[in-house]
Amino acid sequence: MKKWTKETVAPIERKWEEFYRNRHQHDKRVRTTHGVNCTGSCSWEVFVKDGIVTWELQATDYPALEDGLPPYEPRGCQRGISFSWYLYSPIRVKYPYVRGVLLDLWRKARETHADPVEAWQSIVNDPEKRTSIQKARGKGGYRRVRWDESLEIISASVIHTIKEYGPDRIIGFSPIPAMSQVSFAAGSRFLSLLGGTFLSFYDWYCDLPPASPEVWGEQTDVHESADWYNSRFIAVMGANLNMTRTPDVHFISEVRHAGAKLTVFSPDFSQVAKYADYWIPVHAGQDTAYWMAVNHVLLKELYVDRQVPYFMDYLKKYTDTPFLVEIIEDSSTQEARAGKYLRANRCAEYSGTENGDWKLLVWDQLSGRARMPQGTIGHRWAQQQPGKWNLEMRDPQTGEDLDPELSFAGSYNDTCLLTFDDFAGGGTVKRAVPVRYLQTGQGKVAVTTVFDLLMAQFGVPRGLPGQYPQSYEEDTLYTPAWQEKYTGIHRDTLVRFAREWGENAEKTHGKNLVIIGAGANHWYHNNLLYRSAITALMLTGSVGVNGGGLAHYVGQEKLANHASWGSIAFGQDWGITPRQQNAPSFHYVHTDQWRYEQGYSAYDRLPGQSEGEIRDHTIDLQVRAVRRGWLPSFPQFDRSSLQVARDAAAQGAANDKETINYVVSQLKNGKVGFAVEDPDAPQNWPRVWFIWRGNAIGTSAKGHEYFLRHYLGTHDNATAPEMAGGYTTEVVYHDQAPKGKLDLVVDMNFRMDTSALYSDIVLPAATWYEKDDLNTTDMHSFINPLQAAVAPAWESKGDWDIYKAIAQSVSALAKTHLPDPVQDVVMLPLQHDTPDELAQPHVLDWKTGEVDAIPGKTMPKFRVVTRDYTRLYEQMISLGAEIEKAGVSAHGLTIPVGDEYQRLAQRQPHTMDGKVLPSLYEARDVAEAILALDPVSNGELAHRAFEAEEHKTGLNLSDLAEGLREVRHSFADIVAQPRRVLTSPTWSGIVNKGRAYTPFSLNVERLVPWRTLTGRQHFYLDHENYLEWGESLPTYKPKPDHLMLDETQIALTTIQDKKLWSKMLNLITPHGKWSIHSTYSENDRMMTLSRGGYPVWLNDKDAQELFIADNDWVEVFNNNGVFVQRAIVSARIPPGTVFIYHATERTVGIPKSPLYQKRAGMNNSLTRVRLKPVLMSGGYAQFTYALNYWGPTGNNRDTFVFVRRIEPPEF
Amino acid sequence: MNVRAHMSMLFHLDKCIGCHTCSVACKNLWTDRKGAEYMWWNNVETIPGAGYPTQWQDQQRYRGGWEWDGETLRLRLHSKAGGLMKLFYNPALPELDNYYEPFTFRYQDLFNAPAGDDQPTAIPISKITGEPMEIKTGPNWDDDLGGSNTYAWNDQNFANLPETVRVQMQELERVVFNYLPRICNHCLNPACVAACPSGAIYKRAEDGVVLVNENKCRAWRMCIAACPYKKVYYNWSTGKSEKCILCFPRLETGQATACAHSCVGRIRYLGVLLYDADRLPQTAMVRDGELIDAHRDVILDPFDPQVIEAARANGIEDSWISAAQDSPAYKFVKLWKLALPLHPEYRTIPMMYYIPPLSPIVSVIEEELYRLDVSEDIRDFELFDRVEAARIPIQYLANLFSAGNGTIIEAIIRKLLAVRIYMRRKTVDGVIDEKTLALLEEAGTNAEEVEAIYKLTTQPNMADAFVIPQYHRESAIEAWNDPLVHKGETGLGYIQPPHRGE
């Protein structure tokens, strides 16, 4: 019989317990966080014992938000908690490394050249030597060197490049500044002061949702995670919150218990699906079709069958639905289509109004005529009558209240049969809208409202003529029955969902939340997908409401203090105009990926364009976008920008204006060309590349194999044929594509990742537990510090100190090579949040003579910047006085900071030329400067920012900052406890009194306009490009299929020739569970908890067909490259797809490819980037460029691959 | 009545996200060293799945826990051939492959590889031998693999489910997974303690933590075989068994265990339970279907004056009694009857508890279209009326948490849904109507209880979730050393670390 266990008291016997107690003892705990490309911004405590970091645990002292919200803590995930492994791991970069081939050449050259720049020239100007360095890239042979030797090579290459080609051939890449703002700023500041080119990341990662600028004029603005808890109906789509928002997803599980419903849209049974009420597996990338039909139901049941006052009011007040659009009849086809918004100055009543092309009309039912309301973009940039940029529905001239009519359906002059595109079916449909006639300067025009256009587009029957469906059962654009063939979802399920959605919004006044992510945003037509869902949010009055709206979480970053940070990070405190480049265009052009396609018409078509009909190549559109000032483009000219300035001076230009006039004339007469017009000419190549805080050659390199070939000049596994020859008109086409454009690649890293392995020089960077920095996110509203728990290990240095060292070395060499100040002509595109937004009411090309070449109006802008390279280091380490004069700015507001600048100079003085400036010598100094000069951390500046906004809007707003004017968050404060950001008009949410941040609450509650054409949220986009491309209204375009994508044909031939057993599948690369992008992925802990690799997930039936069993090796390939890993087989993966969790490294456990006999690559080996032309639009209201705000994105999810089983491969 | 106090942990599985932050927290603190590489005192399993070590629930194979034949309770390990026979050869012991061979990579090759004609890569190597190896299994091999015909298919908890259900779970209509985080259950009737020939394993009187005395352990490894949860591990380097210590150095200083502290899903709760040690036989020796009732009965009401008096008589301090009154474990387990022990049929009386998870509604495929299996009229959280339409079968959960008794699981699922329905009425409609109150009654609850469940499920801060009583370490130390002397000595090596064979 059992003897029951007796508990043990006797403490003497239990003395041994000290064994574990001693392990738990520690010497120190330090608050810090992880500066990785992750939006966690989690507060951590790092435990130090014996001077060694032993482990980390979450800090749990976030200030509480308002009552009723669950607390945030603990925040921090499996990846973050595994970080301490890295510090002392065998993958840690402890010393500077240079590849042996380069090092030998360098040392030899230095023997004969006393001058380092001459030594460098002797190497890079020798094609054989240059090629030998390039061919060795990525293939071992690294050697440890001294810091000073590595710095000398780097600075010699920088000086040489500036002298030979101009500074814009020096490029830099580092992503997501919010996560370690100072470390990011280190390099961007260095490059900006130098005149180098800084590459964007958010759009390149395809994390920028173009729909956000399209609809809201906002890069991205989203809810802090606590606000999810205010929602009562949550639709998650393409976002795997458990995986990617690990520290915050508890709000989702918790709000379910508060009564919220959760629907998850995901083709696979994803981790977040586990606690959904409804899991709706819409076919991969077909969410647009689903939401289009949801909108059909919402419009029918909530706007036609009956009206909900809350929704009607919301639409009138906050959206463009009541604005008037002109009907245009095409005389050749006799087809009528919706045209542009009718401009106010076309009516006699408003003909003389300032910015009349940029003020619009509604039909006021009080006065019974078309009237001009306040708040449109023409009011935003008004000089004569400021203070009318607000959402009060009034006539700005008379002050009369207006009551706009949403629809003319009840009373119209006529109906007009309009043509709408059916991209899915390949034709058009004709549906009537009610119109009224208006007298304009150009005669009588027919107008309708955006609301009526929406009704017609969505096919909601209202008794008007045309091809309107009579029921949900009818398979017509965009009915519930119609969507079935695309989504695989039964119409009943859709209708059920739509009704619940509407009911929830009606009862809660818009507490409907769409949480959306990469699974939606990484598709080619992502903007349409997003707009379809945003439409459902706007129709239910859900945007700008706590717990409602669109929460886009894809690599998004919220650099909360961006106003002050931007100035420091891009050298604007020294009056510098930085060169900021959109990376998608840059890599598309310079990695020569454009050469491997016939252009967009292969996969994206204009309405009415027939298959195979070729118009332009995407690169042609890219060139035109640059020419028109829509997008930036560096290197900018076909010669050095310093040379151009010298030439201008030689021609007698005596000031900046004359220099610019000279440049414009040279461009006009074709004597100076844009580099983008001949990207493969050697003088137009990028030459030196700085990479830090990111994996630019690895996981950030869409079309990785093309990077290896054309940038690096080393081996690659791409088999794709070049096919652009004969299809281009705007670029010079060289028969032979250059291989190896880059002279030098420098990587700063704490781990030997793919980029480090393929660089020429690797510099040892401090980890996040070894340096001071700042960290913010949009997942919560606190500012967190990074702090050094221990000194930078071995020979590593913090990023700020590394760039300081490089700057010092460059300045020293400049004393010989660039001793005098030089002038640099900097070209930049028309800028968002400036009056440039009013530049181009029409799309016209100066090159073809349609319009004059006017800088800043019809073409790019130019600035003349004076650079003194001998002073670069001094500028780097002190805060320039320009910021004292000019203030900091964001959202088009300028905030004076002179007094705070002076105070900072007293606290952390640095003397330069006899003047005392604020020091930026230590990373912590930079952090203090950022905190001191930004409205989210300085209450007085928040107040001033609201005063500036009051001036523009004529509204009372500064009460929002009144009680907080004394607040000054310092670095010591955030070390003591995370501090909450303040309400500021540099953002759009109101967070007073612990209220959770929800975007656009400032717009909805305080009537501040959105930064769009109408000042409202846009259903309708009337940029001429959008009209041309058929994307003016929310619409559905089919996904490009594998034939259109043209990246599997060669692979197919290989399969046929070699008789391989294989199958083509759609490659899906969701964010993974065991890494933050590539970081952590090779970490011992994460490798152990996953499967010791980067598994390829297959559906069980697909696997069976391919004779693949779980853990078998598989080869995944297409024309772009190859990837080899083991398989995981599961029914939770949808058939026809293969999942590889994104951001693999090729450094760990990657065998050779049996097909090619070379090391198999990574997930990006299978991709090639394709730009969507409509997203190049510019110079027009919200379609005006800003870094990471606008431009085509590096979409990569429309990718097809072959998969086959292989025998265990060779390493 | 023999009142004892116990520190218990509770896992709200409906909130678990399977992130394994807990596992890494634990590993960093306790098992990041030679001989312990393969140990995961805390691990998280995907259910359905095979678990870690592989198929640990297969007691035919591993022979863990107790067997009750209606009269006698005996270790399953000892039930066939005599226990002593197995001291030297024990086929029930898991082997390294049942766990996994710990691996790492030859990272240094990335730095040291000579110049060559291809890119170097860090190849996988064994942490035990240092030699190149093929990775065939790991501590979390079937992570997120709900619909796996290799792993999920072999889950023991499908045993008494119809084959059709298991087949359906490989299809869109019903595919599902959830998570099961596991630590040592610090059982009231621990098989490891009973099986140890050296008497090295004991249960601490003050908090119930079960520990292997590293000085007394003689590496018989009977504990490893006897534990039905396979939560005792053998350290091949020190030659000692080791296991989850419930982070007693943290509890003793008022801090939550590392796994609970780091639980970012906020699924874990810590609290004191008072139990009646005299009732252990009645708890372990009842029919399967009655085990949960018996288990609930062994836990005492900390507000009952008789219990309080008996507790004090047993030397339980007032601070522990008040902690028991505030205990989230008490509320979820005893008061609200929402939390259950894992595999009570092993009869070790585990003291860690689980709230079973909700799951999405099943679907049907009609003419190749996916259709949610919901009725026409809108009814929020319709699973309340059709618990059988939840993707995770009730019987599966019953096999995990209630020795097969589905009625107990159904009641819990309905109560969880009742909370959601009530809160929806309250926050969306603004009124609690008669119908809702009737529904609560049907779910065996009421508005007051529902509000309390809601609050503790969603709102707890660290102090609410982790109610850790005061430990009087000075009193414990005083029994063998003057605390003032100890103040100067501790950490200086006066206390010997364990040695092999000691």
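Residues numbered from 1 in each chain as written. Chains lettered and ligands numbered in written order. Predicted model: local features only at pLDDT ≥ 70, side-chain atom pairs only at ≥ 80, totals over all residues. Heavy atoms only, no water.

A. Molecular detail of the overall build of chain A. When its secondary structure is counted, chain A shows 39 helices and 39 strands. Rg of the C-alpha trace for chain A: 30 Å, near the compact-globule value of 33 Å for 1211 residues, within the 12% margin. Oriented by its inertia axes, the alpha-carbon framework of chain A measures out at about 105 × 85 × 75 Å. Of all 1211 residues assigned to chain A, the portion counted as buried reaches 74%. Restricting to contacts in chain A with at least 6 residues of sequence separation, those with at least 24 account for 76%. Just so you have it, chain A exposes about 32500 Å², and 48% of that area is on carbon and sulfur atoms. If you average the places of the 128 positive and of the 145 negative side-chain charges in chain A, the two averages end up 4 Å apart. (Helix = DSSP H or I, 4+ residues; strand = E, 2+ residues; numbered from the N terminus. Rg over C-alpha atoms; globule rule 2.2 N^0.38 Å. Buried < 20%, exposed > 50% of the residue type's maximum accessible area, 1.4 Å probe, protein only. Contact = heavy atoms within 4.5 Å. Areas by Shrake-Rupley, 256 points an atom, 1.4 Å probe, with all protein chains shown as cover. Lys, Arg positive; Asp, Glu negative; His and termini not counted. Charge placed at Lys NZ, Arg CZ, Asp CG, Glu CD.)

B. The arrangement of the overall build of chain B in detail. Regarding its fold elements, chain B presents 22 helices and 16 strands. Computed over its C-alpha atoms, the radius of gyration of chain B comes to 24 Å, within 12% of the 23 Å expected for a compact globule of 502 residues. Seen through its C-alpha atoms, chain B measures out along the principal axes to roughly 75 × 70 × 50 Å. Within chain B, buried positions represent 66% of all 502 residues. If you take every contact in chain B between residues at least 6 apart in sequence, the share linking residues at least 24 apart comes to 71%. Accessible surface for chain B amounts to roughly 17500 Å². Of this, 50% is attributable to carbon and sulfur atoms. Averaged over its 52 positive side-chain charges, chain B has a centre that lies 5 Å from the centre of its 66 negative ones.

C. Examining empty space enclosed by the protein more closely. Residues and elements named next belong to chain A. Space inside the largest cavity adds up to approximately 450 Å³. Lining the largest cavity are 35 residues, with Asn37, Arg693, Gly694, Asn695 and Thr1079 positioned closest to its centre. Residue composition of the lining of the largest cavity, by class: 10 nonpolar, 18 polar and seven charged. Approximately 360 Å³ is the volume attributed to the second largest cavity. (1 Å grid on protein atoms, 1.4 Å probe; cavity = no way out; pocket = protein on both sides within 12 Å on 5 of 7 lines; lining within 4 Å. Points joined across faces, edges and corners; volume = space filled by probe spheres on them. Nonpolar A, V, L, I, M, F, W, Y, C, P; charged D, E, K, R; others polar.)

D. Just the sheet that holds strand 9 (residues 233–237) of chain A, in detail. Residues and elements named next belong to chain A. Here we have five strands laid out as an open sheet, ordered 11-10-9-19-20, and parallel in their pairing. In this open sheet, the two strands that pair with only one neighbour each are strand 11 (278–280) and strand 20 (549–552). When the angles between neighbouring strand axes are averaged without regard to direction, this sheet yields 15 degrees. Sheet topology places strand 9 next to strand 19 (residues 512–516); five bridges connect them, and they run parallel. Each bridged residue has a counterpart across the sheet, and for methionine 237 the counterpart in strand 19 is isoleucine 516. (Pairing = 2+ DSSP bridges. Axes fitted to C-alpha atoms, helices over the stretch in contact; angles between N-to-C directions.)

E. Highlighting the interface of chain B and chain A. Every contact between the two is made by 145 residues of chain B and, on the other side, 131 residues of chain A. The largest per-residue losses of area from chain B upon contact with chain A belong to Tyr107, Phe111 and Gln119 of chain B, which jointly make up 7% of the total buried on that side. The residue glutamate 134 of chain B makes a salt bridge to arginine 1126 of chain A at a minimum N-O spacing of 3.6 Å. Remark: the boundary between chain B and chain A carries 78 residue pairs in polar contact (both at pLDDT 80 or more). Per element, the largest residue contribution to the side of chain B that touches chain A is eight residues, and it comes from helix 17 (residues 406–429) of chain B. (Buried area = accessible area lost by both parts, 1.4 Å probe. Salt bridge = Lys/Arg side-chain N within 4 Å of Asp/Glu carboxyl O. Polar contact = N/O pair within 3.5 Å; in protein donor to acceptor, adjacent residues only side chain to side chain.)

F. How the structure looks around the side chain of serine 43 of chain A. Looking at where serine 43 of chain A falls in the secondary structure, it is placed in the loop between strand 2 (28–32) and strand 3 (44–49). The residues contacting serine 43 of chain A, other than those within four sequence positions of it, are Arg31, Thr32, Gln58, Ala59, Tyr62, Arg75, Asn784 and Pro978 of chain A.

G. The arrangement of the pattern of salt bridges in detail. Counted according to the given criterion, the structure contains 133 salt bridges over all chains. One salt bridge in this structure joins aspartate 899 of chain A and arginine 944 of chain A, with 2.6 Å as the shortest N-O distance. Linking aspartate 899 of chain A in helix 29 (residues 898–907) with arginine 944 of chain A in helix 31 (residues 939–953), this pair joins segments that are 45 residues apart in sequence. Across the pair arginine 204 of chain B and glutamate 252 of chain B runs a salt bridge, and its minimum N-O distance is 2.9 Å.

H. Up close: helix 19 (residues 447–458) of chain B. Residue and element names in this part refer to chain B. With 12 residues, helix 19 extends 16 Å from end C-alpha to end C-alpha; this agrees with the ideal 16 Å at 1.5 Å per step. Burial in helix 19 covers these residues: Glu449, Val450, Ile453, Tyr454, Leu456, Thr457 and Thr458. By the N-cap criterion, in which a side-chain oxygen at the helix start approaches the backbone nitrogen of a residue two or three places on, helix 19 is capped by asparagine 446, the distance to glutamate 448 being 3.1 Å. (Expected span 1.5 Å × (residues − 1).)

I. Region of the structure containing the layout of surface pockets. Residues and elements named next belong to chain A. Quantified by volume, the largest pocket comes out at close to 1600 Å³. The wall of the largest pocket is formed by 50 residues, among which Gln572, Gln580, Gln831, Ser889 and Ala890 lie closest to the centre. Top element by residues in the lining of the largest pocket is helix 19 (residues 562–569). It accounts for five residues. Within the lining of the largest pocket, the residues separate by chemical class into 23 nonpolar, 18 polar and nine charged.

J. Inspection of the pairing of strand 7 (residues 170–173) of chain A at higher detail. All names here are of chain A. Of the two faces of strand 7, the one holding Ile170 and Gly172 and the one holding Ile171 and Phe173 are both buried throughout. Inspection of the sheet shows strand 7 paired to strand 22 (residues 688–692) by four bridges, in the parallel sense. Note that in strand 22 the partner of isoleucine 170 across the bridge is valine 688. In the sheet, strand 7 pairs with strand 8 (residues 197–199) via two bridges, with the strands oriented parallel. Within strand 8, the position partnered with isoleucine 171 by the bridge is threonine 197.

K. Molecular detail of the side chain of asparagine 527 of chain A. Residues and elements named next belong to chain A. Mapped onto the elements, asparagine 527 comes out in helix 18 (residues 526–539). When its relative accessible area of 0% is taken as the criterion, asparagine 527 is described as buried. Reaching out from asparagine 527, the side chain makes a polar contact with the side chain of lysine 1172 at a distance of 2.9 Å. If sequence neighbours within four positions are ignored, asparagine 527 has contacts with Pro210, Ala211, Glu214, Glu1031, Lys1172, Val1174 and Leu1175.

L. Quick look at the packing of aromatic side chains. Residue and element names in this part refer to chain A. Enumeration according to the criterion identifies 100 aromatic pairs over all chains in this entry. When the ring of tyrosine 62 is compared with that of tyrosine 72, the centres are 6.2 Å apart and the planes differ by 40 degrees; the resulting orientation is tilted. Of this pair, tyrosine 62 sits in the loop between strand 4 (52–58) and helix 2 (84–87) while tyrosine 72 sits in the loop between strand 4 and helix 2, and the two are 10 residues apart along the sequence. Assigned by exposure class, tyrosine 62 and tyrosine 72 land together as buried. Between tyrosine 596 and tyrosine 706 the ring centres are 4.6 Å apart and the planes differ by 50 degrees, which places this aromatic pair in the tilted class. (Phe/Tyr/Trp six-rings, centres within 6.5 Å; stacked < 30°, edge-to-face > 60°.)

M. Spatial organisation of the environment of leucine 712 of chain A. All names here are of chain A. Mapping leucine 712 onto the fold places it in helix 24 (residues 704–712). Assessed through its relative accessible area of 1%, leucine 712 is described here as buried. C-alpha separation for the pair leucine 712 and alanine 136, spaced 576 residues apart in sequence, amounts to 9.5 Å. Not counting residues within four places of it along the chain, the set of residues in contact with leucine 712 comprises Gln134, Arg137, Ile697, Phe707, Gly740, Leu742, Val745 and Tyr758.

N. A look at helix 3 (residues 100–112) of chain A. Taking 1.5 Å per residue, 13 residues should reach 18 Å; helix 3 of chain A reaches 19 Å between its end C-alpha atoms and fits that length. Along helix 3 of chain A, the residues classified as buried are Gly100, Leu102, Leu103, Leu105, Trp106 and Ala109 of chain A.

O. Looking closely at unusual backbone geometry. The step from isoleucine 47 of chain B to proline 48 of chain B runs through a cis peptide bond, and the omega angle for that step is -5 degrees. Mapped onto the fold, proline 48 of chain B is located in the loop between strand 2 (43–47) and helix 2 (59–62). Backbone geometry places serine 41 of chain A, a non-glycine residue, at a positive phi of 45 degrees. Overall, serine 41 of chain A belongs to the buried group, its relative accessible area being 2%.

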